[in-house]
Amino acid sequence: MKFRHLLTGTLLCMSLFAFQAPVFAAPAEQKEESIAEGVYAGEVNIGGMSKTKAKEAVDSYHQEIASSPFTVTVDSKTVETTLANLGLSWDSENALAQADRLGKSGPILQRYKTLMDMKYGHVILDVPYQIDEAKVRDFVANQIASLDTEPKDATITRKNGEFIVTEHTTGLSTDQETTVNTILSSVKEGLSANMQVAAEVKVTQPAKTYEELSLVRNKLGTFSTDYSDSVSGRKTNISVASGRLNGKLLMPGESLSVSQTILPREPENGYEKATQYKDGDTEEAYGGGVCQVSTTLYNALLRAELKITSRSPHSMVVSYVPYSMDAAIAAGSKDLVFENNLEHPVYLAASADGSTLTFTLYGAEYRPSNRKIDFKSTTVSKKDPEPKIIYDANMYEGEQTSTGTNKPEVKAYLEKIVYEDGKEVSRTKLHTDSYSGASKTTVMGTKPKDDVPVGGVGGVGGQNPTDPTNPNTPGDSPDTGNNDAPDTGGNNTPGGEEGESTQE
C-alpha cells in the first residue's frame, strides 16, 4: 500500500517536471509587468499601466499642481506664487514600489483581501510629498509682509488761536508665524490645483489718534516773562530756543528734555553770543539767555501741574522771576525735564515777540472748577554784596575799570498753595534754593595826572578815557538786560551754565 502511494507521488512529480521543462529550456523575452487594475497613486489611476508609464502619470499630475497658482489673500489684496516656488517635492517611486507588492506579499488573508479590493473596487496608495518650510518662511517675510502698512498718526497744529487736528489711519501687520503655519497645514491636508489660503493680519493703531488729539482744547497753565531790554543776540537766542519748543506734543507718559530739544547752543544751530554767568562773573557766549526760556516754561509747567523730573536753580539770582522760581540749563549738568503724567495729550505753545516770552500748555482740563493754585516765593536770608575796590598805581587818577556783577547771596524756598472755593486747603514746599553772591570789582588809578604824557591820558591822542562814546573807555560794562546772564552749554567753556550762571 505504501509503495503504491509512493509510486503515484513519484509519477505525479515527474509529470509536473515534464510539463514545466520547456519553460526553463527556452525562456521567452520578459515584458514589463503591468500594475494590477484598480490601483491608484493618490488621485492618479495607474491600474494596468507599466511601472514606467505609471511614474510618468504620477509625476505629470504633481507637476501640474506644482505649477498652478497658489494664492494668499492679505486683507483685500492677493499675492500669487506656486507650490513649485515653495519647494514642493513628491516620491512617486514609493507609490510604485507599493503597487508592485500588492497581493504578492504579507499574510495570505491580507493578500486575498487586497486582490478582492482590486477586483471589485480600487486601492489608493499614498504618494509622499512635502514643501520646503524655509522657502515658505522666506515667501511670507519678503512677499506677504511687504504688503504691511504703517499706521499714520493724527497731527495737531495751532493757527490763529485755533487747533487743527488731522485724521489718523490704521495700519496692517502680518502675523508671519501664524501665516507660515496656515500654508504648511493647508498643503499637508491635501494637494489640488489653484490652492488659496488667507494670511493672518492684524490692524495696528497709531500712537496718536484723532479722538485723543481732539481733547486738546483747554489751557492748563501759562506764564510770561519780559525780555524787552535784552540785547539783539539774547533776543535771537530766546526766539530760537522757544521756537524749537513750540508745538511739541507729549502723549501720556512721554517726557521732554529742554536742553536736548533746543539743541546744542552753537552758531550752526542759530544761536548768537550774549551775556551769561560764569564762575561768579559774566561773559559773552553762544546761547546767552536761553535759561529765561527754561525758567518761563518751568513756571507754566507748575501751573499746569505736570510732573517735573529734573530742575536746577541758577548759581546766582536772576531778575525776571522771584527767587526759587527759576530753572537753569547747562549742557551735561543742568536740565529741565518734565513728564506728561496725565491721561490725555498735552500741547506746548510758545511765543516770543521780541518783548514778551510766553509758554502755555493745553490739554483736557482735569481739575474741578472750584480748585485754584498759587505759588509763593519766600526769602529765608539775603546778604548784599560788599563793594570791592582795587587801587592801581599804574593807572592814572580818574581812570577806572570794573569786572563782575553785584548779586546778593540768597536762600529762598517756593511753596505751592491750593485753594478750594476760595479757602486754602494745602500748602506744599516744593524746593529750597541757595544762590551765591557776587561783587563787582572796581579798579581805580592812583598815578598822578602830572605824569600824563603829551597827547592825553594813556597816550591815546586827545581821547578822553572817561568819554562814554569811546569804545576803549574803561568802566562799567553796558547793561545787557540780562543781569542773570544766560547759560549756553553750547559754548566752549565747560564751566558755564547756559546763559545764566556757573555750572555747579
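Just so we're clear, the structure is a prediction, and the values are computed from it rather than from any experiment.

A. Spatial organisation of the overall build of the protein chain. Across its full length, the protein chain carries ten helices and 27 strands. Expressed as a percentage of its 504 residues, the buried residues of the protein chain come to 41%. Taking the intrachain contacts of the protein chain between residues at least 6 apart in sequence as the baseline, contacts between residues at least 24 apart amount to 73%. For the protein chain, the exposed surface amounts to about 27,400 Å²; the carbon and sulfur share of it is 50%.

B. Fine view of the sheet that holds strand β20 (residues 346-352). Pairing in this open sheet of four strands is antiparallel, and the strands run β13-β21-β20-β14 from one edge to the other. At either margin of the open sheet sits one strand with a lone partner, and together these are β13 (218-226) and β14 (248-250). Across the sheet, the mean angle from the axis of one strand to that of its neighbour is 15 degrees, orientation sign disregarded. Note: β20 against strand β21 (residues 356-363), six bridges, orientation antiparallel.

C. Structural context of the confidence of the model for the protein chain. Here the protein chain averages 83 in pLDDT, while 78% of its residues score no lower than 70. Across residues 457-496, where pLDDT falls below 50, the model places 117 contacts with residues more than four positions away in sequence or in other chains.

D. Fine view of the side chain of Lys-334. With respect to the helices, strands and loops of the structure, Lys-334 is situated in the loop between β18 (307-310) and β19 (337-339). A polar contact is formed between the side chain of Lys-334 and the backbone oxygen of Pro-313, at a distance of 2.9 Å.

E. Quick look at helix α2 (residues 51-67). The terminal C-alpha atoms of α2 lie 24 Å apart, and with 17 residues this matches the ideal 24 Å at 1.5 Å per residue to within 8%. Residues of α2 that are buried: Ala-54, Val-58, Asp-59, His-62, Ile-65 and Ala-66. Angular distribution of buried residues about the axis of α2 spans 125 degrees; they occupy a single face of the element. Across α2 from its buried face, at more than 90 degrees, point the exposed residues Lys-53, Glu-64 and Ser-67. Against β1 (39-41), β2 (44-45), β4 (77-82), β5 (89-90) and α3 (92-101) lie the buried residues of α2.

F. Region of the structure containing α3. Those residues of α3 lying buried are Ser-92, Ala-95, Leu-96 and Ala-99. Projection of α3 onto a plane perpendicular to its axis shows the buried side chains occupying an angular sector of 95 degrees, all on one side. Each element contacted by the buried residues of α3 is listed here: β1, α2, β5 and β6 (123-125). The opening residue of α3, the one whose side-chain oxygen lies 3.4 Å from the backbone nitrogen of Glu-93, is Asp-91.

G. Inspection of the side chain of Ser-324 at higher detail. Structurally, Ser-324 is set in the loop between β18 and β19. Ser-324 sits in the buried class, given a relative accessible area of 0%. In this structure the side chain of Ser-324 is engaged in a polar contact, spanning 2.9 Å, whose partner is the side chain of Asp-433. Sequence-distant contacts of Ser-324, that is, excluding residues within four places in its chain, are made with Arg-311, Ala-412, Tyr-413, Leu-414, His-431, Asp-433 and Tyr-435.

H. Region of the structure containing the nonpolar core. Counting residues in each nonpolar core, the largest one holds 40 residues, and the members touching the most others are Leu-245, Leu-297 and Phe-359. For this core, the secondary structure elements donating two or more residues are β13, α8 (232-245), α10 (290-304), β20 and β21. Top element by residues in this core is α10. It accounts for nine residues. In this structure, Leu-245 is in contact with Leu-256, Val-258, Thr-261, Ile-262, Val-293, Leu-297, Leu-348 and Phe-359, ignoring residues within four places of it in sequence.

I. Representation of the pairing of strand β25 (residues 409-420). Sheet topology places strand β22 (residues 371-383) next to β25; twelve bridges connect them, and they run antiparallel. Within β25, the position partnered with Thr-378 by the bridge is Tyr-413. Direction of pairing for β25 relative to strand β26 (residues 423-435): antiparallel, over a ladder of eleven bridges. Paired with Leu-414 across the strands is His-431, a residue of β26. Counted along the chain from β25 to the antiparallel partner β26, the turn is two residues long, and its residue Asp-421 has a positive phi close to 55 degrees.

J. Focus on the pattern of salt bridges. Applying the stated criterion across every chain yields a total of 14 salt bridges. Arg-137 is the partner of Glu-177 in a salt bridge, and the nearest nitrogen-oxygen pair spans 2.9 Å. Of the two residues, Glu-177 is situated in helix α6 (residues 176-189) and Arg-137 in helix α5 (residues 133-144); the sequence distance between them amounts to 40 residues. A salt bridge links Arg-371 to Glu-305; the nearest nitrogen and oxygen atoms lie 2.7 Å apart. With Arg-371 in strand β22 and Glu-305 in the loop between α10 and β18, this pair connects stretches of sequence that are 66 residues apart. One continuous salt-bridge network, built from bridges that share partners, spans Glu-305, Glu-365, Arg-367, Arg-371 and Lys-416.

K. Inspection of the packing of aromatic side chains at higher detail. Applying the stated criterion to the full structure yields three aromatic pairs. Between Phe-163 and Tyr-347, the ring centres sit 5.1 Å apart and the planes meet at 85 degrees, which makes this aromatic pair edge-to-face. A residue pair is termed long-range when its members are at least 10 positions apart, and Phe-163 in strand β9 (residues 162-165) and Tyr-347 in strand β20 qualify at 184 residues. Accessibility classification places Phe-163 together with Tyr-347 in one group, the buried group. The ring of Phe-163 is capped by Arg-158, whose NZ or CZ atom sits 4.7 Å from the centre of that ring.

L. Representation of the packing of α5 against α6 within the structure. At a minimum axis separation of 10 Å, α5 and α6 run at an interaxial angle of 130 degrees. Overall, the two elements α5 and α6 adopt an arrangement that is oblique. In the crossing of α5 with α6, the sense of the turn from one axis to the other is right-handed. Residues Glu-133, Val-136, Arg-137, Phe-139, Val-140 and Ala-141 of α5 form the contact with α6, whose participating residues are Gln-176, Glu-177, Thr-179, Val-180, Ile-183 and Leu-184. Its residues placed into classes, the contact of α5 with α6 shows seven nonpolar, two polar and three charged.

Conventions and cut-offs
- Residues numbered from 1 in each chain as written.
- Predicted model: local features only at pLDDT ≥ 70, side-chain atom pairs only at ≥ 80, totals over all residues.
- Heavy atoms only, no water.
- Helix = DSSP H or I, 4+ residues; strand = E, 2+ residues; numbered from the N terminus.
- Buried < 20%, exposed > 50% of the residue type's maximum accessible area, 1.4 Å probe, protein only.
- Contact = heavy atoms within 4.5 Å.
- Areas by Shrake-Rupley, 256 points an atom, 1.4 Å probe, with all protein chains shown as cover.
- Pairing = 2+ DSSP bridges.
- Axes fitted to C-alpha atoms, helices over the stretch in contact; angles between N-to-C directions.
- pLDDT = per-residue confidence, 0-100.
- Polar contact = N/O pair within 3.5 Å; in protein donor to acceptor, adjacent residues only side chain to side chain.
- Expected span 1.5 Å × (residues − 1).
- Arc of directions from axis to C-beta.
- Core = buried A, V, L, I, M, F, W, Y, C linked by side-chain atoms within 4.5 Å.
- Salt bridge = Lys/Arg side-chain N within 4 Å of Asp/Glu carboxyl O.
- Phe/Tyr/Trp six-rings, centres within 6.5 Å; stacked < 30°, edge-to-face > 60°.
- Lys NZ or Arg CZ within 6 Å of the ring centre and 35° of its normal.
- Parallel < 35°, antiparallel > 145°, perpendicular 65-115°, else oblique.
- Left-handed = near helix turned anticlockwise from the far one by under 90°.
- Nonpolar A, V, L, I, M, F, W, Y, C, P; charged D, E, K, R; others polar.

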